[in-house]
Amino acid sequence: MRRSAIFGGLVLVVQALSAQSAPPKAGLTPEEQTAALSAIREYSLHYSNALPNFICTRSIKRVTSPVRTGYPMITGRPQTDLIEEQLSLADRKEIHKISKINGKAPANEDPSELGGMYSRGEFGFLLTFLFAPEANTEFRWQKAVIRGGRPMYAFSYHVPQASGYGITDGERTFRVAVRGTVYADAETKAVMRIEMVGVDIPTNTYFRGMELSLDYQATKVAGQQFILPSKNRIVMRRVESEAIIESEYKNYRRFSSEAAIIFDEDAPQ
């Protein structure tokens, strides 16, 4: 029987990042922390509304390693899959379409039929997931840092299980509490990196853990600059196996007027 684990996840238009800026203050006052977090939240909740319709290529490297042998379809050696998919954003909906698996055209373009452990939704979901009021996320000021030559504010966070990250494991869907760190540009308040770890994993599932990171960068689409995902890394652990899924997002372009779009009604929005 095919088993899979599908994760839920993101994007925004922001002013161009200036090449030069003053270094961040070593620390912020409580009032400055509150103001910075409020601006980051505002950015995040309006992020996807500012995006154009576009297509990009998601290149995925998935390495699945056995933790325990004796399970169907689990060998004693790591298995590496190279997957290429077309990821489209149309009217704030994500559409995923597998184009190649290990260099060959797939029998089915639907990612849900891929088999093994697979993730989707990071592209257009994580910012809303973390910053929506109903998430009840607790944020705490962490530090000011320099990342990629830019001053950043780092806030740690915790999302309780009741509003936690959704995971589909086989035929069962459940939520896990998560914690991590958000890095936002000190000048524009654009989120540039998200780190996440699953905590308090339910013991009555085959699922055992999750770690995630998502990086953004300034990217031009049809001559305009946007802050868009550039790469992400997910580690998913089950009782019998562990999968490391590394993705790169590239070749962003707008839809042509002739583009045909088929919506996945179950995709995260």
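This is a predicted model, so every value here is computed, not measured.

**Brief notes about the overall build of the protein**
No. 1: Secondary structure assignment for the protein yields two helices and 13 strands.
No. 2: Looking at the protein as a whole, 49% of its 269 residues are labelled buried.
No. 3: For the protein, the accessible area works out to roughly 13200 Å², and carbon and sulfur atoms hold 48% of it.

**Describing the environment of Tyr206**
No. 1: Mapped onto the elements of the fold, Tyr206 is located in the loop between strand 10 (191-199) and strand 11 (207-221).
No. 2: For the pair formed by Tyr206 and Val239, sequence separation is 33 residues and the distance between their alpha carbons is 5.3 Å.

**Brief notes about the pairing of strand 12 (residues 224-238)**
No. 1: In this structure, strand 11 lies alongside strand 12, joined through 14 bridges in antiparallel fashion. Paired with Asp215 across the bridge in strand 12 is Lys231.
No. 2: The sheet contact formed by strand 12 and strand 13 (residues 241-254) spans seven bridges and is antiparallel. Opposite Asn232, over in strand 13, you have Ser247 as the bridge partner.

**Digging into the confidence of the model for the protein**
No. 1: Of the residues in the protein, 80% reach a pLDDT of 70 or more, and the chain-wide mean stands at 81.
No. 2: Per-residue pLDDT stays below 50 along residues 1-20; that stretch engages in 103 contacts with residues further than four places along the chain or on separate chains.
No. 3: Between residues 257-269, whose pLDDT stays under 50, and residues either more than four places distant or in other chains, the model counts 21 contacts.

**Quick word on the side chain of Thr205**
No. 1: Position of Thr205 among the secondary structure elements: in the loop between strand 10 and strand 11.
No. 2: Relative accessible area serves as the criterion here: at 8%, Thr205 is assigned to the buried category.
No. 3: Among the polar contacts made by the side chain of Thr205, one reaches the main-chain amide nitrogen of Phe207 at a distance of 3.0 Å.
No. 4: When residues no more than four places from it in sequence are discounted, the contact partners of Thr205 are Asp169, Arg172 and Phe174.

**Some details on unusual backbone geometry**
No. 1: The phi dihedral of Asn102 is positive, around 55°, even though this residue is not glycine.
No. 2: Relative to the helices and strands, Asn102 resides in the loop between strand 4 (93-101) and strand 5 (118-119).
No. 3: Although it is not a glycine, Lys189 adopts a positive phi angle of roughly 70°.
No. 4: Relative to the helices and strands, Lys189 resides in the loop between strand 9 (172-185) and strand 10.

**Concerning helix 1 (residues 30-45)**
No. 1: In this model, helix 1 (16 residues) spans 22 Å end to end at C-alpha, consistent with the 22 Å of a helix rising 1.5 Å per residue.
No. 2: Within helix 1, burial applies to Gln33, Ala36, Leu37, Ile40, Tyr43 and Ser44. Angularly, the buried residues of helix 1 cover 120° about the axis, an arc narrow enough to put them on a single face. Turned more than 90 degrees away from the buried face of helix 1, the exposed residues are Glu31 and Thr34.

**Here's the deal with the pattern of salt bridges**
No. 1: Using the criterion set out here, one finds 11 salt bridges in the structure.
No. 2: With a shortest N-O distance of 2.8 Å, Glu138 and Arg140 are connected by a salt bridge.
No. 3: Since its relative accessible area comes to 39%, Glu138 is described here as partly exposed.
No. 4: The closest approach of N and O atoms between Arg193 and Glu195, which form a salt bridge, is 2.8 Å.
No. 5: Classification of Glu195 by relative accessible area gives partly exposed; the value is 24%.

**Focus on the side chain of Ser88**
No. 1: Structurally, Ser88 is set in strand 3 (residues 79-90).
No. 2: With sequence-adjacent residues up to four places away left out, Ser88 is seen in contact with Phe54, Ile55, Lys93, Glu94, Ile95 and Phe255.

What counts as what
- Residues numbered from 1 in each chain as written.
- Predicted model: local features only at pLDDT ≥ 70, side-chain atom pairs only at ≥ 80, totals over all residues.
- Heavy atoms only, no water.
- Helix = DSSP H or I, 4+ residues; strand = E, 2+ residues; numbered from the N terminus.
- Buried < 20%, exposed > 50% of the residue type's maximum accessible area, 1.4 Å probe, protein only.
- Areas by Shrake-Rupley, 256 points an atom, 1.4 Å probe, with all protein chains shown as cover.
- Pairing = 2+ DSSP bridges.
- pLDDT = per-residue confidence, 0-100.
- Contact = heavy atoms within 4.5 Å.
- Polar contact = N/O pair within 3.5 Å; in protein donor to acceptor, adjacent residues only side chain to side chain.
- Expected span 1.5 Å × (residues − 1).
- Arc of directions from axis to C-beta.
- Salt bridge = Lys/Arg side-chain N within 4 Å of Asp/Glu carboxyl O.

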